Amino acid sequence: MASGVGVNPECLEAYQELKLGKKTKYIIFTLSKDNTEIIVEKKSPPTSTYDDFLADLPEGECRWAVYDFDFEKDDGGKRSKITFYSWSPDDSKVKQKMLFASSKDALRRSLVGIAAEIQGTDYSEVAHENVLDKVSRGH
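Rules of the game
Residues numbered from 1 in each chain as written. Predicted model: local features only at pLDDT ≥ 70, side-chain atom pairs only at ≥ 80, totals over all residues. Heavy atoms only, no water. Helix = DSSP H or I, 4+ residues; strand = E, 2+ residues; numbered from the N terminus. Rg over C-alpha atoms; globule rule 2.2 N^0.38 Å. Contact = heavy atoms within 4.5 Å. Lys, Arg positive; Asp, Glu negative; His and termini not counted. Charge placed at Lys NZ, Arg CZ, Asp CG, Glu CD. Buried < 20%, exposed > 50% of the residue type's maximum accessible area, 1.4 Å probe, protein only. Polar contact = N/O pair within 3.5 Å; in protein donor to acceptor, adjacent residues only side chain to side chain. Core = buried A, V, L, I, M, F, W, Y, C linked by side-chain atoms within 4.5 Å. Pairing = 2+ DSSP bridges. Salt bridge = Lys/Arg side-chain N within 4 Å of Asp/Glu carboxyl O.

> Run through the overall build of the chain, naming residues and quoting values.
On a plain count of helices and strands, the chain comes out with 4 helices and 6 strands. Listing the helices and strands of the chain from first to last along the sequence gives β-α-β-β-α-β-β-α-β-α. The globule rule puts the C-alpha radius of gyration for 139 residues at 14 Å, and the 15 Å found for the chain is close to it. Sequence separation of 24 or more characterises 62% of the internal contacts of the chain that already satisfy a separation of 6 or more. Side chains of the chain carry 20 positive and 24 negative charges; the gap between the two charge centres is 5 Å.

Shown next, in the form of C-alpha cells:
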C-alpha cells in the first residue's frame, strides 16, 4: 500500500554523496511535519561511529536510515555495504508506524545500490553484531 508521500530531492542528493563521495557515514530520513514528503533529518560526517548512528535513532519515533557499513572478511579483506534501515520502535505511535510502513517503498525504490536491509523495532535488532551477521553473509 502506497501512502502517496513523495521523496524530497535532497534525499537522493544526500544518498549520492554517501554512495559516491564517501562524505557521509549515514543519513537519517523522516517525514515532513505535514506528512507529505520524506526529508533528510541528519547527514553525519564520515568519521561518525555506529554508536553515533544508534544514538540518532529516536527511542519512540519511526525513522529510515542508510548506513555505510564497513566490515572485514575472514581473510582480512575490507568490505563496505550500504544498508537501509527501517526503524519502527514498539513504543512509537500506531498511526506513525502505519504511515512509515506505507511510505517506505517510495524511499527504498529511489535509493539504487542498497546491499542489505534491516528492520528494527528495538535497539537489539540493530545492534552492530546482528547487522554485521546479516551484511557479511555470503562474503
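After presenting the structure, the write-up continues.
> A description of the side chain of Lys104 should follow, citing residues and the corresponding values.
Structurally, Lys104 can be placed in helix α3 (residues 94–110). Lys104 sits in the buried class, given a relative accessible area of 18%. At 2.6 Å, the side chain of Lys104 forms a polar contact with the side chain of Glu117. In this structure, Lys104 is in contact with Trp64, Phe84, Ser86 and Glu117, ignoring residues within four places of it in sequence.

> Explain the nonpolar core to me, and be specific about the residues and the numbers.
Membership of the largest hydrophobic core comes to 19 residues, with the highest contact counts inside it found for Phe29, Ile38, Trp64, Val66, Leu107 and Leu111. Leu57, Tyr85, Ala116 and Val131 belong to the second-largest nonpolar core, a separate cluster that totals 17 residues.

> Describe unusual backbone geometry, listing the residues and the values that go with them.
Residues other than glycine seldom take positive phi values, yet Lys22 does so here, at roughly 55°. Relative to the helices and strands, Lys22 is located in the loop between α1 (9–21) and β2 (26–31). In this structure, Asn35 is a non-glycine residue whose phi angle is positive, near 60°. Relative to the helices and strands, Asn35 is located in the loop between β2 and β3 (37–43).

> How would you explain the sheet that holds strand β5 (residues 78–87) if you had to name every residue and give the values?
Here 6 strands make up an open sheet; going across it, the order is β1-β3-β2-β4-β5-β6 and the pairing mixed. Of all the strands in the sheet, the pair left with one neighbour each is β1 (6–7) and β6 (116–120). Where strand β4 (residues 63–72) meets β5, 10 bridges bridge the pair, whose relative direction is antiparallel. Bridging from a neighbouring strand, Phe69 pairs with Lys81 of β5.

> Account for the pattern of salt bridges, naming residues and giving values.
According to the stated counting rule, one finds 10 salt bridges in the structure shown. Between Lys42 and Asp56 there is a salt bridge; the shortest N-O distance is 2.9 Å. Of the two residues, Lys42 sits in strand β3 while Asp56 sits in the loop between α2 (50–55) and β4, which places them 14 residues apart along the sequence. A relative accessible area of 33% means that Lys42 is categorised as partly exposed. Overall, Asp56 belongs to the partly exposed group, its relative accessible area being 24%. Of the charged contacts, one joins Lys78 and Glu72 as a salt bridge, the two residues approaching to 2.9 Å between their closest N and O atoms. Just as Lys78 is exposed, Glu72 falls in that class too.

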